[in-house]
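Overview (structure and organization)
Residue-level listing of the chains:
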Amino acid sequence: MTMETETRFNWGEIVRLGLLAAVIALSLNLIGLVGTFAGRDIIGGMVSVGHVFLFGAALGCGYIAAQRFSGGGAGNTLLGGLVIGLLSSLPLVVLVLIAEPLNLRQFMPYVSPALLEMLTFGQGQALGSLILIVVASVLGLIGAGIPLLPSRVRQPLIWGLAAVFLIGLLAEVIILAWGNQGLGLAIRRFVFAARGLSILGASLVFLIVVGLSAWWNSRGEGIKARVNALPPERQRNLRWGGIGLGILLLLFLPMFLRTYLTEVIDNVGLFILMGLGLNIVVGFAGMLNLGYVAFFAIGAYTMALLTPSEYGVAGLSFWTALPFSVLAAVLMGLILVIPVLKMRGDYLAIVTLGFGEIIRILVLSDFLAPWIGGAQGILKIPNVSVAGMELVKPEHLYYVILAGCLLALFVSWRLRDARLGRQWRALREDEDVAEAMGINLVKTKLLAFAIGAAFAGMSGAIFASKLGSIFPHSFNLMVSINVLCLIIVGGIGSLPGVVVGALFLVGLPELLREFAEYRMLMYGALLIVMMVARPEGLWPSEVMKRELRAGSEEPLPAGFVVSSAER
Amino acid sequence: MKYSKALSILMLTVLLVSACAPKAAPFECTDAIGCVTIAPGDPVRIGYALVLSGPNESLGIDSRNGIEIAVGDHDTKVLEHPIELVGEDAMCSAEGGQTALTKLAADPSLIGIIGTNCSSAGEPASRIASDAGMVLLSPSNTAPSLTNPDLAWNPGYFRICHNDNIQGAAMAKYVYEELGARTAATIHDGSPYADQLQEVFANTFKEMGGTITAQEAVNVGDTDMRPILTTIAVGSPDFLYYPIFIPEGAQITRQAGDIAGLENTTLAGADGMYSPDFVEAAGDACEGMYISGPNLAFENPIYDHFLEVHLEKYGKTLSVFHAQAYDGTMMLLAAIEKVAVQDEDGTLHIGRQDIRDALYATKDFDGITGNLNCDQYGDCADPEIAVNQLQNGEYVPLWTYVP
Amino acid sequence: MQTTIRQRFENIDYLDIALWVLRIVIIVAVLWGTVATILDNPYSTEQWLDFLIFGLAQGSLYALIALGYTLVYGVLLMINFAHGEFFMAGIFTATVFVAIPLDASGFTDRHPIWALLVIAVVAIATSMGIAVLTERVAYRPLRRAPRLVPLITAIGASFFWQYFFRGLYGSGITAFPDVALLKGSWTILGLEILKSQVVVIVASVLMLIGLYIFVMRTRMGKAMRAVSEDKDVAALMGIDVDRVIMITFAVGAAMAGAAGVLYALMYRQVHFFMGFFPGLKAFTAAVLGGIGSVPGAALGGLLLGLFESVGPCLFLEGLGITSPYQLKDVIAFTMLVLVLLVRPQGIMGERLAEKKA
């Protein structure tokens, strides 16, 4: 009975999806995403990022509709897709018609003549609107058609399209990493257009990915089975081989990635370092800290003051100053944790947030400016040097940051399963019970804050030397928020999760730098989508997985069952 | 040593690039830091690194509009090659400047970059652009350190805006000598720009014999300025200088009128508030206020043309830094036209040191912001500072000063 | 066992000593600064009273925004980071689509009360719409997720709405038109007070009382309190939990929307970033007053406003600190820490231990 109502074709649902697509498409137009990226090609001269934003909603909602009514018959489903596409284009047509007479641009700057020109394909209002409706309807239809295909066709097709989209989107970055020598240049000119892929390149990428995906579809299971059938020793060898390969890859990464991407990885590395530190405080010990940037700032300023910089007082080298930076951050961690020892949950969050702000305002203030530069920051912080050689290039600094990350990973990993780690976990679960079990709350909390602060101090020290100059504005609340987001998106309490989270939330926005003013919009949307889709994080820890599984087996109270079924 | 290594890599890349280009006429690159070769039909690429996100983004968007209009005025072409803009968000921070410039500098076909907006981003940006052999032309870095060879100067760095040292001192001179004020107070907002400007103003004012009654600071995002203004009113200064940005500046302007003790105080700001937006945000309260800045004489024909294009293309005008960005782009394009060697088939060869030399040699360049001349450390702004007064919502230049 | 207990006692002793040292240092600094300022007294009595009124006006805005945090926290135990954006969305939309066209057409000059009413309705409705939408998309699917997860979606929603409205209406600063009716000042009890400040303070107090009655006296308010006590039990009692939560968001956002209008009347400018700092301050105010408590949020907001206004010149100036107003947030947060050291649940909050926050 319920199955039937779910799969039966439902025009009300189709209209709702169509309206959703319409709202999304209209919003993307009004906030300027469509117009701004109309010139940013994915496939040179054919498909631009603007087109994807313009028609993505029709395609996507058509797809969702067809999936939801998988049993509803092909004809109806396709018709539904068509209707969704049609509905999604209607507000755009209205926009085209009313924009000029109502002078919408005085309210919304992105409703510009250039946008209207794009929406009508340069064909004038009447013909242009017609084209718009037809294209959107057809794309809705195609979206609805994809789930109807048998899976061995569908999957390679989706992979192929996704690959073309991604490579086209990241074309600029890929070209940067590709280099300009001999054969590379020749291939590059062949595959890429001025912006995005060339038509030939796009077809090539599509064909290759479709081929690979089809091959994996037919053979993948067999290969997996063969690997699983290997004797345990061989399997272990295989795993160690994989790990070895990974380490080799890490060591030689800068050579493949070249300067810019290595710079991105360096930035990700600094955030991994901070993420590992915050993971101890939030992930292991369960103390929400929104002012983590304070320790980062202390590390950076200590480094700047101890080296021969503009305001330097000691003239130490990077390596001598580094332990002091870490020590200063640890000391600050110990001082800051004392007042918050008795606070819990969100009270802790706001107080730590306050600490972060206090540190930032103090380093910015006129009051301390004679000693630490105030708003003018500190210039001329020397580079990291090894054996008389200055490490200025991102490729060289990479190894310093890698070493820091590996050290932090090792420490976190050893602590996690050690006595202290288990005490932290007990603390996270229930402070009162933990105390009753004889755990020294004060000591464990102090240690969590101190170790967490140490990693951030190290990260800050490297950050200062890497930049050569520091300004108070680099140490704002956004850093704390970013670090918190990355450990939770990665999977709270999980060490690989920190790495994955940092790659996603620091690396990806870096690669999409050309989206400039829209990056934060996408970052926000990404946070929501990722958390709703995977509340446990991208790479959850074993403990968290178990807890979530246990949670789902609990019988839910009546109200929740009702409300979730309504959905 | 690091420099020579970077150079050798660069030379190698350039050689390889040129090796692959069709060899119609033999060209030998004799430039000290390498050449860029642009094959026939290929675009001349110009980068920009501006603040395009966050609370300061209107500065960057404004500058970008200036760059785009400059390129448009060149018909998107230089020496028969199309101009292509490559943009990055350098944000308003040192790390933003570093990442954006690392990305731009990794592209060996790039000749010059317009950027950055914030001096904090400019510091690492200048170093990286310089190491890569490129030139960086900033529309709004005002920190004196960037053209101070003892602090953060690098070869290849230029700016079209005023060094704070010039503007702050000019304002003090005007206030002391022309307005006859003897006591003054300042407010900054924690940005390096405002902090430096008020510091220079205060020092010059004191040297001339004036008294500074208070040097205060607000935070970005503050709205309630009445308490701080009440504190300042205690010293009842003749003059209040707050060279900050529009949101906080407009609040101070509006609220100063409500404070007992500031009725006779003359208000003044700097080019961060030189914008129709400021007039709108501050309302009637800004009438009679003084604003220092470059001498944007509004009868300037280049600017009239610019405003016309801007209005058509972007709907409305924003703050002042589009003008500097426009001039910087124009200067760079002029330098390219001057030094490029063109083969018969249209291939362009551009020496990187030649570009720098051409820019350093800029003399009497006619720009929106005046008559541009670059000195040996890349300060190119027209040294003429104008003090404008807001009369009926218009910026009316009253006094100009050339140091 | 014996030794661990001894160790614990020793540790707690050190801790207490450290805490006492901290308190004493702060209190001595505050007293010293105050005494020094008063001895030096640069301000007249009128100026001191001005400081108080400025602080009250600013504080009542904080209080209105803080209510949204506190209501949502009460029912969901969740920090709604996007609340400042609800505040911004309403007034930004109302300014662009209502206030500016009405002003340009001269309607505002002819019928200022009606114009303000329309502006308020549009602002409140937009704020509510955005809040309900955010709750539906970003929070409802996560009711059963670990507690930090909705915090992250709230942060995401905050960024999203900021930049969404930035795209919609542009990144410049939009001036909120002057309302002639509210220009100038009234003399009350011999004090000259700006009309806009009087309106802000009076409107805030009325709304706070209204909300308090709503929460304590109406059926829906009762349902809200039931849900905040225990969702599961409330559901068993026949309360539609999802609906109550949605209405809680809507009510909180309505307060934020109204606060937006008052903000615009007082400061006369709107832009896409305007919600961030007031949101942060209001969150601080909510915690200061005791998060989850309506009168607490009001008290916290007022106190925060007062301390920001009076604190720098009273405490810091006497210590000879330059640019004291730059450090006003330091004062605000230090005060928060001091209060929480004495009352870990905030001034009017209930003990959280049983609630397991």
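For clarity, every value in this text was computed on a predicted model and none was experimentally measured.

Quick look at the overall build of chain A now. Regarding its fold elements, chain A presents 25 helices and four strands. The C-alpha atoms of chain A give 27 Å as radius of gyration, which agrees with the globular expectation for 567 residues (24 Å, within 12%). Based on the C-alpha atoms only, the size of chain A along its principal axes is roughly 75 × 55 × 55 Å. Taking all 567 residues of chain A together, 53% fall into the buried category.

Looking now at the domain arrangement of chain B. Residue and element names in this part refer to chain B. Domain parsing of chain B yields domain 1 (2–163 + 301–385) and domain 2 (180–297 + 387–401). Domain 1 and domain 2 are separated by 33 Å when their C-alpha centres are compared. For the pair domain 1 and domain 2, the summed buried surface comes to about 1,600 Å²; carbon and sulfur atoms form 62% of the total. Taken together, the connections running from domain 1 to domain 2 amount to zero salt bridges. Between the two partners, domain 1 and domain 2, sit one residue pair in polar contact (both at pLDDT 80 or more). Of the residues contributing to the side of domain 1 that touches domain 2, the split by class is seven nonpolar, six polar and two charged.

Here the focus is the pairing of strand S11 (residues 266–269) of chain B. All names here are of chain B. Pairing geometry for strand S10 (residues 239–241) and S11, over three bridges, is parallel. Looking at S11, one finds that phenylalanine 239 is bridged to threonine 266. The parallel pair S10 and S11 is bridged by helix H8 (residues 246–256), and the resulting crossover is right-handed. One ladder, built from two bridges, connects S11 with strand S12 (residues 290–294); its direction is parallel. The partner of glycine 269 across the bridge, within S12, is isoleucine 291. Running through helix H9 (residues 276–282), the crossover from S11 to the neighbouring parallel element S12 is right-handed.

A word on the side chain of Gln389(B). Residues and elements named next belong to chain B. Position of glutamine 389 relative to the elements: it lies in strand S17 (residues 385–391). The buried category is assigned to glutamine 389, whose relative accessible area is 14%. One polar contact links glutamine 389 to tyrosine 290, side chain to side chain, over a distance of 3.5 Å. Residues contacting glutamine 389, with those up to four places away along its chain left out, are Gly288, Met289, Tyr290, Glu394, Tyr395, Val396 and Leu398.

Residues and elements named next belong to chain B. An order of S1-S14-S13 is seen for the three strands of this open sheet, with the pairing classed as antiparallel. The outermost strands of the open sheet, each flanked by one partner alone, are strand S1 (35–38) and strand S13 (341–342). Relative to the sheet, helix H12 (residues 352–360) contacts S1 and strand S14 (348–351), its axis offset from that of S14 by approximately 65°.

Moving on: the interface of chain A and chain C. Where the parts come together, the accessible area they lose is often given as the size of the interface. Listed per partner, the contact involves 67 residues of chain A and 72 residues of chain C. Surface buried jointly by chain A and chain C totals about 6,000 Å² across both partners, of which 78% is contributed by carbon and sulfur atoms. At the junction of chain A with chain C, the criterion picks out zero salt bridges. In this structure, the connection of chain A to chain C is made through six residue pairs in polar contact (both at pLDDT 80 or more). Of all the secondary-structure elements, those providing two or more residues to the side of chain A that touches chain C are helix H2 (11–30), helix H14 (318–340), helix H15 (345–364), helix H21 (477–490), helix H23 (519–533), helix H24 (542–553) and helix H25 (558–566) of chain A. Looking at the side of chain A that touches chain C, the element that brings in the most residues is H15(A), giving 14 residues. Grouping the amino acids of the side of chain A that touches chain C by side-chain chemistry returns 49 nonpolar, eight polar and 10 charged.

Contact with chain C, which involves 32 residues of that partner, is made by 38 residues of chain B. When the two sides are added together, the surface that chain C and chain B hide from each other amounts to roughly 3,000 Å², 52% of it contributed by carbon and sulfur. Summed over the shared surface of chain C and chain B, the result is three salt bridges. We note a salt bridge from Asp284(B) to Lys183(C), for which the minimum N-O separation is 3.4 Å. Linking chain C with chain B are eight residue pairs in polar contact (both at pLDDT 80 or more). Looking at which element gives the most residues to the side of chain C that touches chain B, the answer is helix H2 (residues 45–76) of chain C, with four residues.

Residues and elements named next belong to chain B. Where helix H2 (residues 57–73) meets helix H10 (residues 301–314), the closest approach of the two axes is 10 Å, and the angle between their N-to-C directions is 110°. It follows that H2 is roughly perpendicular to H10 by the angle criterion. Only His305, Phe306, Val309, His310, Lys313 and Tyr314 of H10 make contact with H2, whose side of the interface consists of Asp62, Asn65, Gly66, Glu68, Ile69 and Asp73. In the contact of H2 with H10, the residues fall into four nonpolar, four polar and four charged.

Scoring rules and cut-offs
Residues numbered from 1 in each chain as written. Chains lettered and ligands numbered in written order. Predicted model: local features only at pLDDT ≥ 70, side-chain atom pairs only at ≥ 80, totals over all residues. Heavy atoms only, no water. Helix = DSSP H or I, 4+ residues; strand = E, 2+ residues; numbered from the N terminus. Rg over C-alpha atoms; globule rule 2.2 N^0.38 Å. Buried < 20%, exposed > 50% of the residue type's maximum accessible area, 1.4 Å probe, protein only. Domains from an automatic or database assignment. Buried area = accessible area lost by both parts, 1.4 Å probe. Salt bridge = Lys/Arg side-chain N within 4 Å of Asp/Glu carboxyl O. Polar contact = N/O pair within 3.5 Å; in protein donor to acceptor, adjacent residues only side chain to side chain. Nonpolar A, V, L, I, M, F, W, Y, C, P; charged D, E, K, R; others polar. Pairing = 2+ DSSP bridges. Right-handed = clockwise from strand over helix to strand, strands pointing away. Contact = heavy atoms within 4.5 Å. Axes fitted to C-alpha atoms, helices over the stretch in contact; angles between N-to-C directions. Parallel < 35°, antiparallel > 145°, perpendicular 65-115°, else oblique.

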